[in-house]
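Residue strings, one per chain:
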Amino acid sequence: MEFLSIIGDYIFVAVIFGLLGSSLKINDLLSEHNFKWFKGGFLLLSLISLLSLILAFNFFGGFLVPFWLAIILSWILRGRIDCPHHGIFATFILLYVLFFYQDYIVRYYFLFITFFFIFSIFGIIHDIYQYQKIRRLKFLYLIFYKHQYIYWIISALIFSIKIKNFIVLFSVISFVLSYDFFYSKTSRKILKIIGIKPVRK
């Protein structure tokens, strides 16, 4: 029974963070990549992102809160919360953590600060490769830009080993897979089915 419970937890995490990655990326498409949905669709996606992370925090708070809060704050530092859609999500998550989970941040403050700096530094390296014309060191270019999920997964693995629980690692894998899927052209058929289409200029 305990084994089934663990499997159930991982399936739940896969669904929740699959929704989080999907909703955040689709919001990107609507705000920055000339895709169009129904009026107010971005609010629905922001709500899905918000509720997904709140559900995850409620079920696995002690493990997920410091890690994902570090990620969100690193996004803010790097200017990645760059549209109202993501701003709604980030604002309410920060308020939610402030009111209900500040004890987790205190308890895991060292891990929180460590991974905030890790994701901020790695993320800034990614941004430099994305936006600046610089000489590309192939190794860094592959890890921090072309296949940025590598540093995400390595960071999550280290965090998971430290707390002796792999829910965090699985949350990152699910998030990255779903986010990258909707970044690819393969997702266009699914987007079309639910009514999301590119707007031709």
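Residues numbered from 1 in each chain as written. Predicted model: local features only at pLDDT ≥ 70, side-chain atom pairs only at ≥ 80, totals over all residues. Heavy atoms only, no water.

J.: Before we move on, could you go through the overall build of the protein and cite the residues and values that matter?
T.: A tally of helices and strands in the protein yields nine helices and two strands. Listing the helices and strands of the protein from first to last along the sequence gives α-β-α-α-α-α-α-α-α-α-β. Here the C-alpha atoms of the protein give a radius of gyration of 17 Å, agreeing with the 17 Å that 2.2 N^0.38 yields for 201 residues. Along the first, second and third principal axes, the C-alpha set of the protein runs to 50 × 45 × 35 Å. Looking at the protein as a whole, 43% of its 201 residues qualify as buried. Of the contacts made within the protein by residues no fewer than 6 positions apart, 72% connect residues no fewer than 24 positions apart. Counting only carbon and sulfur atoms, one obtains 70% of the accessible surface of the protein, whose full area is about 11800 Å². The averaged location of the 8 negative side-chain charges in the protein is 14 Å from the averaged location of its 20 positive side-chain charges. (Helix = DSSP H or I, 4+ residues; strand = E, 2+ residues; numbered from the N terminus. Rg over C-alpha atoms; globule rule 2.2 N^0.38 Å. Buried < 20%, exposed > 50% of the residue type's maximum accessible area, 1.4 Å probe, protein only. Contact = heavy atoms within 4.5 Å. Areas by Shrake-Rupley, 256 points an atom, 1.4 Å probe, with all protein chains shown as cover. Lys, Arg positive; Asp, Glu negative; His and termini not counted. Charge placed at Lys NZ, Arg CZ, Asp CG, Glu CD.)

J.: An account of the nonpolar core is needed here, citing residue identities and associated values.
T.: The nonpolar side chains of a soluble globular protein tend to be buried, and buried together. In this structure, Phe17, Phe67, Trp68 and Trp152 are the most contacted members of the largest nonpolar core, which totals 46 residues. Every element with two or more residues in this core is listed here: α1 (2–32), α2 (41–77), α3 (84–100), α4 (102–107), α5 (109–131), α6 (138–146), α7 (149–163) and α8 (167–183). Here this core takes 15 residues from α2, the largest share from any one element. When near neighbours in sequence (up to four residues on either side) are disregarded, Trp152 contacts Trp68, Ile71, Trp75, Phe119, Val172, Phe175 and Val176. (Core = buried A, V, L, I, M, F, W, Y, C linked by side-chain atoms within 4.5 Å.)

J.: Break down unusual backbone geometry for me, citing the residues and quoting the values.
T.: A positive phi is found at Asn34, a non-glycine position, where the angle reads about 60 degrees. Mapped onto the elements, Asn34 comes out in the loop between α1 and β1 (35–36). Within the chain, Lys164 stands out as a residue other than glycine whose phi angle is a positive 60 degrees. Of note, Lys164 is situated in the loop between α7 and α8. We classify Lys164 as exposed; its relative accessible area is 75%.

J.: Just give me the short version of the pattern of salt bridges, but keep the residues and values in it.
T.: A side chain of one charge can pair with a side chain of the opposite charge if their charged atoms are brought near each other. Inspection of the entire model under this criterion finds three salt bridges. Residue Asp28 pairs with Lys25 through a salt bridge whose shortest N-O separation is 3.7 Å. One end of the pair, Asp28, and the other, Lys25, are both in helix α1, three residues apart, so they sit about a helical turn from each other. Just as Asp28 is buried, Lys25 falls in that class too. Here the salt bridges share partners, and the residues they tie into one network are Arg78, Arg80 and Asp127. (Salt bridge = Lys/Arg side-chain N within 4 Å of Asp/Glu carboxyl O.)

None of this, on its own, says anything about what the molecule does.
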